[in-house]
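# Notes for the structure review
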Amino acid sequence: MTPPEWSLVQYRVADSEKVTVGAYTDETVVPGPPGTEGLTLMEVLGRWESLAPLLRDWTPTASDAVVGARLAPPLTYPGKVLCAGANYWDHIAEMGCERPAELGDPFFFLKPPTTTVTGPGDVVPLPAYPGARVDWEAELAVVIGRGGRDLTSERAMDHVAGYLVANDISARDRIRSDRPVAEPFTFDWVSHKGQDGFCPLGPGLVPAWQITDPQNLRIQLSVNGVLKQDSSTAQMMVKIPEVIAAASRITRLEPGDVILTGTPAGCGVPRGEFLAAGDDIVIDIDRIGRLENTVVAS
């Protein structure tokens with residue numbers, strides 16, 4: 001995997017809870033670029049149109065390492081985390097589904113940002129109830145830098161600040177309620193996708209101008225060193241511009257909003273494999289970075 005040139009991160013020093021914007025290059029945290037002093041990364045994104053030209057001309061130096069820096073979640077916190085479901089050809093094939101004759105808009109679900117979003121090195125808590133079947137989903141996440149509503153697919157990429165690695169953790173046992181009020185109301189997307197710690201993001205925001213073709217990135221996920229997912233963003237059914245445009249027809253997109261774009265083949269559910277306490281999950285996306293998290297019992 002080719003690492004990014006650099007990415008924007010948030011970090012903490014020592015035992016402080018204060019987050020500071022920095023850059024991540026050569027696996028080293030360095031001070032953030034000029035103009036970001038005293039800001040969170042969400043605030044940087046709120047000023048993205050004015051700051052982006054300055055960032056294009058800036059190059060971090062790994063020798064300026066911040067002593068004692070610990071990576072924090074990159075965004076605290078996005079207003080919305082929108083997730084596109086069933087958006088990879090190889091994933092629908094592994095689920096035993098036929099290719100649709102005609103593609104429509106992707107369907108979306110939401111994750112509660114302040115309780116699901118975590119960062120690199122943070123734990124993934126297993127639900128405390130017995131019999132939880134918790135699965136992994138490696139995803140490329142798009143971060144909005146310029147807001148808008150009813151965007152065209154031709155202009156959608158103009159609204160992208162950059163990209164993150166994401167893990168759409170899912171409680172497969174909760175996708176359907178075991179006691180629905182009536183048969184048409186069996187789906188429970190909040191329990192399935194929205195439990196605490198179910199959206200690790202990181203390690204940092206890779207500016208969009210570093211990624212020539214986001215539809216040609218290798219994406220891999222391993223559990224305890226065993227490769228589970230190995231695919232490419234070229235497998236997306238609905239491509240990134242159309243995903244963004246479709247989301248903007250539902251809700252106004254705002255700076256800092258995160259859109260997860262779907263997961264490829266290799267999830268645990270079709271093979272009956274699920275996460276257990278102590279498991280180490282590693283996601284690598286070419287030119288975007290590596291996200292590592294450990295599963296713990298609640």
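Residues numbered from 1 in each chain as written. Predicted model: local features only at pLDDT ≥ 70, side-chain atom pairs only at ≥ 80, totals over all residues. Heavy atoms only, no water.

The chain is annotated in an unreviewed UniProt entry as Fumarylacetoacetate hydrolase family protein of Streptomyces gottesmaniae. UniProt lists a comment for the chain under the heading Sequence similarities (unreviewed entry), and it reads "Belongs to the FAH family." (UniProt positions renumbered as here; feature names shortened; annotations may be inferred.)

## Side note on the pattern of salt bridges
Taken as a whole and judged by the stated rule, the model has 18 salt bridges. Among the ionic pairs, Asp 257 bridges to Lys 80, the shortest N-O distance being 2.8 Å. Residue Asp 257 is found in the loop between helix 6 (240-250) and strand 16 (258-260), and its partner Lys 80 is found in the loop between strand 4 (69-72) and strand 5 (81-85); the two are separated by 177 residues along the sequence. Residue Lys 228 pairs with Glu 273 through a salt bridge whose shortest N-O separation is 2.9 Å. With Lys 228 in strand 15 (residues 226-232) and Glu 273 in the loop between strand 16 and strand 17 (280-285), this pair connects stretches of sequence that are 45 residues apart. The network of salt bridges with common partners includes Lys 111, Asp 135, Glu 137, Asp 168, Arg 172 and Lys 193. (Salt bridge = Lys/Arg side-chain N within 4 Å of Asp/Glu carboxyl O. Helix = DSSP H or I, 4+ residues; strand = E, 2+ residues; numbered from the N terminus.)

## Some thoughts on the pairing of strand 15
Here six bridges tie strand 14 (residues 218-223) to strand 15, and the two strands are oriented antiparallel to one another. By the bridge assignment for strand 15, Ser 222 is matched with Leu 227. The antiparallel pairing of strand 14 with strand 15 creates a hairpin that spans two residues between the two strands, and Asn 224 there sits at a positive phi of about 55°. (Pairing = 2+ DSSP bridges.)

## Focus on the packing of aromatic side chains
By the definition in use, this model includes four aromatic pairs. Here the aromatic rings of Trp 48 and Trp 209 are separated by 6.0 Å at their centres, their planes lie at 20°, and the arrangement is stacked. Within this pair, whereas Trp 48 is found in helix 2 (residues 48-56), its partner Trp 209 is found in the loop between strand 13 (199-207) and strand 14, the two being separated by 161 residues in sequence. Exposure remark for Trp 48: the relative accessible area of 6% places this residue in the buried category. Ring pairs connect the aromatic residues Phe 107, Phe 109 and Trp 189, which therefore count as one cluster. Sitting over the ring of Trp 89, Arg 99 keeps its end group 4.1 Å from the ring centre. When the ring centre of Tyr 129 is taken as origin, the NZ or CZ atom of Arg 174, which lies over that ring, is 3.7 Å away. (Phe/Tyr/Trp six-rings, centres within 6.5 Å; stacked < 30°, edge-to-face > 60°. Buried < 20%, exposed > 50% of the residue type's maximum accessible area, 1.4 Å probe, protein only. Lys NZ or Arg CZ within 6 Å of the ring centre and 35° of its normal.)

## A word on helix 6
By the criterion of burial, helix 6 is predominantly enclosed, with eight of the eleven residues buried. The complete set of buried residues in helix 6 reads Ile 240, Pro 241, Val 243, Ile 244, Ala 245, Ala 246, Ala 247 and Ser 248. As for helix 6, its buried residues are in contact with strand 5, strand 6 (107-111), strand 10 (138-144), strand 11 (160-167) and strand 16. (Contact = heavy atoms within 4.5 Å.)

## Describing the sheet that holds strand 8 (residues 123-126)
Adjacent strands of a sheet pair through backbone hydrogen bonds, lying either parallel or antiparallel. On the basis of which strands lie adjacent, the open sheet formed by five strands has the order 8-18-17-14-15 and mixed pairing. Two strands bound the open sheet, and with one partner strand each, they are strand 8 and strand 15. For this sheet, the mean angle separating the axes of adjacent strands, direction not counted, is 20°. (Axes fitted to C-alpha atoms, helices over the stretch in contact; angles between N-to-C directions.)

## Regarding the nonpolar core
Membership of the largest hydrophobic core comes to 44 residues, with the highest contact counts inside it found for Ile 244, Ile 259 and Ile 288. Breaking this core down by element, the ones donating at least two residues are strand 5, strand 8, strand 10, strand 11, strand 14, helix 6, strand 17 and strand 18 (289-297). Ranked by the residues each element gives to this core, the list is headed by helix 6, at five residues. (Core = buried A, V, L, I, M, F, W, Y, C linked by side-chain atoms within 4.5 Å.)

## Re the side chain of Thr 233
Mapped onto the elements, Thr 233 comes out in the loop between strand 15 and helix 6. Only 2.7 Å separates the side chain of Thr 233 from the backbone oxygen of Pro 214, close enough to count as a polar contact. Not counting residues up to four positions away in its chain, the partners in contact with Thr 233 are Tyr 88, Leu 140, Pro 214, Gln 215, Asn 216, Leu 217, Ile 219 and Lys 239. (Polar contact = N/O pair within 3.5 Å; in protein donor to acceptor, adjacent residues only side chain to side chain.)

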